[in-house]
Amino acid sequence: MPSTLQTDDNFDEVEKRFDLKRLKRDLEKKSLHSITDAPWRYFKGVLCVGDPEKVAKRCFKSSGNVRDSLNKYVKPYLLEVLNLPEQRIVWGRVAEWLQDAGYGNLDQKLSLSVNWHQVCRQMWNQQKEKQRIRRQATAKGFEVNVYVGLGLVQRDYQQRRRGNEHERSQIYGLAEEVIIERYPHDEFLTKVIDADSKKHVAIIGEPGAGKTTLLAAIADHLLKQNSDKVPICFALAGLQQRTIQSYLIDVWLPEAFRLTMRREIESSAQESFRAWMAQGEAWLLLDGVDEMGEAHPASALHQIRTQITDWLGQVRVAVTCRLNVWDAQLINPLEGIFDVFKTQDFEPEQVSDFIQQWFSHSRKPERGEILQAKLSEPQRERIRELVRNPLRLSLLCDVFYTNPDAELPSTKAGLYEQFVRYFYEWKSEQHRTTEPQREHLNAALGKLAIAGLDDKEGLHRFRLPEKAVCKVMGNDEFELAEKLGWLNIVDQDSDSAQSVYAFFHPTFQEYFAALAINNWDDFLPRNHENRPIKNRIGEIKYRIFETQWKESLLLWIGRSDVADQEKEKLIEKLIESDYSCLDLHKYNF
């Protein structure tokens, strides 16, 4: 029966690296039978990709079929030829064993002499370019070389969570006394990143505080310094039940290898990479502990703790995390192995420098002067405080670029509302939308945002698979959101091969979720008395206590179109009600 496999599924490329004719003869001598095409193809596949599961996918076969065929027709005789003891064979190491037994061609040595520094460098450059393109799809994307400083945090457990620390400005903050040393950006790079230390680094801060930007700056610094160490960077949202080690070896590495070497990675190259990593040749930069999609923030932190183990060798790790997730437990499981640095707000002179650079790049410096003059007005204290956050300052610059006569908002929600209006006007040059279209799209984005934060409909917090997005939003609204840039491809699911989307920044998912909630019952059931009850749509849901909903709650409270009486009712209900029936530790309030 003729084969229906594609020609590249014959794995013929592996014949360049091994003397397979001689190997097959030797195997058939042991078996006293010819090895048929199917098991031989699967065996070549294992040599090529190192895993029977991947071979099965490429051959459109079940993994059980492939494994059974290999175990019956190849494994027993391979063990004899290689003089290995009777044991469970490790298919990922067969290429290495064949090389040791003299079946490797000279080309096989190429895998063992890969310049891993160059692989990591090229991979980071590609990732950075993708980030730049995504930024330009959603904002002007001007590069501004102003960075927040960092403060080294030391916990003072005696001062934690006292009643007077619930002022609005303290929601994301730690007591001032716990910042024991401050590092301007350049000093952080030279004194912390370049230091000969075995401690890992955690960068924590509120949403939009520049954590991802700092991680990118670390990567660029390592490459500009021609350091012995190179960056390996990826978002933790992409793990999807994998371990960090599994994601690195099975997802990041094959992609980087294809980019640099223009071929599929072989198992010997994976072993070479592992050995190189163990020597401490890289910094592992992991973005977004808070975006891992774990049901409880403590779970995400424990996952990191259990996975930062001996396989890393001398490699140092840097992670980023939102403050409310990092600070969710009295004892953080990562303390002791990580030095913790909290992002500091921009100083007034940094705000001024940022605005000047931003509008100089835009070639409209006069509009920057108008914005600075408005910010300096005495009654603008609240907005001056808000834009000490890098993301919010960037959003305000975007708004004033389009409309220098815009009124300065007084709340975070007001700033996001202004930016959304600006965004549609800016995008109208390529994709004109009517007011009803915008309203419908905002509602659909709100529905999607809520489903994501609740981990419903196949969505995972900030990671939104395409099929699930279409199901929640509808195809037309999804297509428009993608064209405009509200949603952007951030990954490819390795299991389903579908695209994975995200809002262009997590805070916009949280804003659209807040925008879609018109009844405070969605945060806290109105009829709660002394036991958990269902809200108005029949769910036992206390979002007000769920970590991933805190930012949306703050944005909802800042909405000008929600009556003050409704906000006050929510706060009164929270103060007056008895929540002893609830496990408040579960909600991290």
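Here the structure is a predicted model, which means the values were calculated and not measured.

About the thresholds
Residues numbered from 1 in each chain as written. Predicted model: local features only at pLDDT ≥ 70, side-chain atom pairs only at ≥ 80, totals over all residues. Heavy atoms only, no water. Core = buried A, V, L, I, M, F, W, Y, C linked by side-chain atoms within 4.5 Å. Buried < 20%, exposed > 50% of the residue type's maximum accessible area, 1.4 Å probe, protein only. Helix = DSSP H or I, 4+ residues; strand = E, 2+ residues; numbered from the N terminus. Contact = heavy atoms within 4.5 Å. Arc of directions from axis to C-beta. Expected span 1.5 Å × (residues − 1). Pairing = 2+ DSSP bridges. Axes fitted to C-alpha atoms, helices over the stretch in contact; angles between N-to-C directions. Parallel < 35°, antiparallel > 145°, perpendicular 65-115°, else oblique. Left-handed = near helix turned anticlockwise from the far one by under 90°. Nonpolar A, V, L, I, M, F, W, Y, C, P; charged D, E, K, R; others polar. pLDDT = per-residue confidence, 0-100. Salt bridge = Lys/Arg side-chain N within 4 Å of Asp/Glu carboxyl O. Phe/Tyr/Trp six-rings, centres within 6.5 Å; stacked < 30°, edge-to-face > 60°. Lys NZ or Arg CZ within 6 Å of the ring centre and 35° of its normal.

Comments concerning the nonpolar core
One finds Phe188, Ile232, Trp252, Trp486 and Leu487 to be the most contacted residues of the largest nonpolar core, which totals 147 residues. In terms of residue count, helix H11 (residues 244–261) provides more of this core than any other element does, 10 residues in total. Setting aside its immediate chain neighbours within four residues, Leu487 contacts Leu445, Leu448, Leu464, Val469, Met473, Phe478, Ala481, Glu482, Tyr501, Ala502 and Phe503. Leu23, Phe43, Val94 and Trp97 belong to the second largest nonpolar core, which has 31 residues in total.

Things to note about helix H16 (residues 365–375)
Every buried residue belonging to H16 is among Arg367, Gly368, Leu371, Lys374 and Leu375, and all of these are buried. Looking down the long axis of H16, one finds its buried residues gathered within 125° of arc, a one-sided arrangement. As for H16, its buried residues are in contact with helix H15 (348–361), helix H17 (381–386) and helix H18 (390–402).

Details of helix H1 (residues 20–31)
Look at H1: 16 Å from first C-alpha to last across 12 residues, which is about the 16 Å you get at 1.5 Å a residue. Looking only at H1, the buried set comprises Leu20, Leu23, Asp26, Leu27 and Ser31. One side of H1 carries all its buried residues, which in axial view fall inside an arc of 135°. Of the exposed residues in H1, the ones pointing more than 90 degrees away from its buried face are Lys21 and Lys29. Elements in contact with the buried residues of H1: helix H2 (37–49), helix H5 (75–81) and helix H6 (94–100). Note on H1: the residue one or two positions beyond its end, Leu32, has a positive phi of about 65°.

Here we look at the sheet that holds strand E7 (residues 338–343)
Pairing between sheet strands relies on hydrogen bonds along the backbone, with the strands arranged either parallel or antiparallel. Taken together, the seven strands give an open sheet; going across it, the order is E2-E1-E7-E3-E6-E5-E4, and neighbouring strands pair in mixed fashion. With partners counted over all chains shown, the strands left at the sheet margins are strand E2 (179–183) and strand E4 (230–235), one partner each. The sheet shows a mean angle of 25° between the axes of neighbouring strands, taken without regard to direction. Bridge count between strand E1 (residues 150–153) and E7: three bridges; the pairing is antiparallel. Its bridge partner being in E7, Gly151 is matched across the sheet by Lys342. Relative to E4, helix H12 (residues 267–278) is tilted by about 110°, and along the sheet it contacts E4 and strand E5 (282–287).

What to know about the packing of helix H23 (residues 506–516) against helix H24 (residues 550–557)
In the contact formed by H23 and H24, the axes pass within 8 Å of each other and the chain directions differ by 55°. Viewed along their axes, H23 and H24 adopt a mutual orientation that is oblique. H24 is crossed by H23, and the crossing has right-handed handedness. In this structure, H23 contributes Thr507, Glu510, Tyr511, Ala513 and Ala514 to the contact, and H24 contributes Glu551, Ser552, Leu555 and Trp556. By residue class, the composition of the contact of H23 with H24 is five nonpolar, two polar and two charged.

Focus: the confidence of the model for the chain
On average, residues of the chain carry a pLDDT of 83, and 86% of them reach 70 or more. Low pLDDT, under 50, characterises residues 1–8; the stretch is placed with six contacts to residues that sit more than four places away or in other chains. Low pLDDT, under 50, characterises residues 580–589; the predicted model gives this stretch 27 contacts beyond four residues in sequence or across chains.

Considering the pattern of salt bridges
Evaluated as defined, the whole model comprises 25 salt bridges. The salt bridge involving Glu417 is made with Arg421; its shortest N-O contact spans 3.3 Å. Note that Glu417 and Arg421 are positioned in helix H19 (residues 412–427) at a spacing of four residues, about one turn of the helix. One salt bridge connects Asp561 with Arg559, and the closest N-O pair in it is separated by 2.9 Å. The class for Asp561 is exposed, based on a relative accessible area of 56%. The buried category is assigned to Arg559, whose relative accessible area is 4%. Three or more residues joined by partner-sharing salt bridges are found here, namely Asp290, Arg322 and Glu510.

Quick notes on the sheet that holds strand E9 (residues 487–492)
If you trace the three strands from one edge of the open sheet to the other, you get E8-E10-E9, paired in antiparallel fashion. Bordering the open sheet on either side are strand E8 (464–465) and E9, each of which pairs with just one other strand. For E8 and strand E10 (residues 499–503), the ladder comprises two bridges, and the chain directions are antiparallel. Directly across from Leu464, in E10, lies its bridge partner Tyr501.

Things to note about the packing of aromatic side chains
Applying the stated criterion across every chain, the model contains 33 aromatic pairs. Centre to centre, the rings of Phe234 and Tyr247 are 4.7 Å apart; their planes meet at 45°, and the pair counts as tilted. Taken as a pair, Phe234 in strand E4 and Tyr247 in helix H11 lie far apart in primary sequence, 13 residues in all. A network of ring pairs unites the aromatic residues Tyr416, Phe419, Tyr422, Phe423, Tyr424, Trp426, Trp486, Phe503, Phe504, Phe508, Tyr511 and Phe512 as a single cluster. Directly above the aromatic system of Tyr401 lies the positively charged group of Lys364, at a separation of 4.6 Å from the ring centroid. Taking NZ or CZ as reference, Lys427 lies 4.9 Å from the ring centre of Trp426, over its face.

So, the environment of Asp398
Of note, Asp398 is situated in helix H18. What makes Asp398 buried here is its relative accessible area of 1%.

Examining the environment of Asp12
Tracing the sequence through the fold places Asp12 in the segment before H1. A sequence separation of 33 residues divides Asp12 from Gly45, and the C-alpha atoms of the two residues are 8.8 Å apart.

Some words on the environment of Gly45
Topologically, Gly45 is positioned in helix H2. Measuring from C-alpha to C-alpha, the distance between Gly45 and Glu266 comes to 9.9 Å, with 221 residues separating the pair along the chain. Once residues within four sequence positions are removed from consideration, Gly45 is found in contact with Phe11, Gly50 and Val55.

Regarding the pairing of E5
Burial of E5 is extensive: six of the six residues sit out of reach of the surface. Neither face of E5 is open: one carries Ala282, Leu284 and Leu286, the other Trp283, Leu285 and Asp287, and all of them are buried. Both E4 and E5 contribute to a ladder of six bridges, which runs parallel. Note on E5: the bridge partner recorded for Phe234 is Leu286. Bridging between E5 and strand E6 (residues 316–322) involves four bridges; their strand directions are parallel. Directly across from Leu286, in E6, lies its bridge partner Val319.

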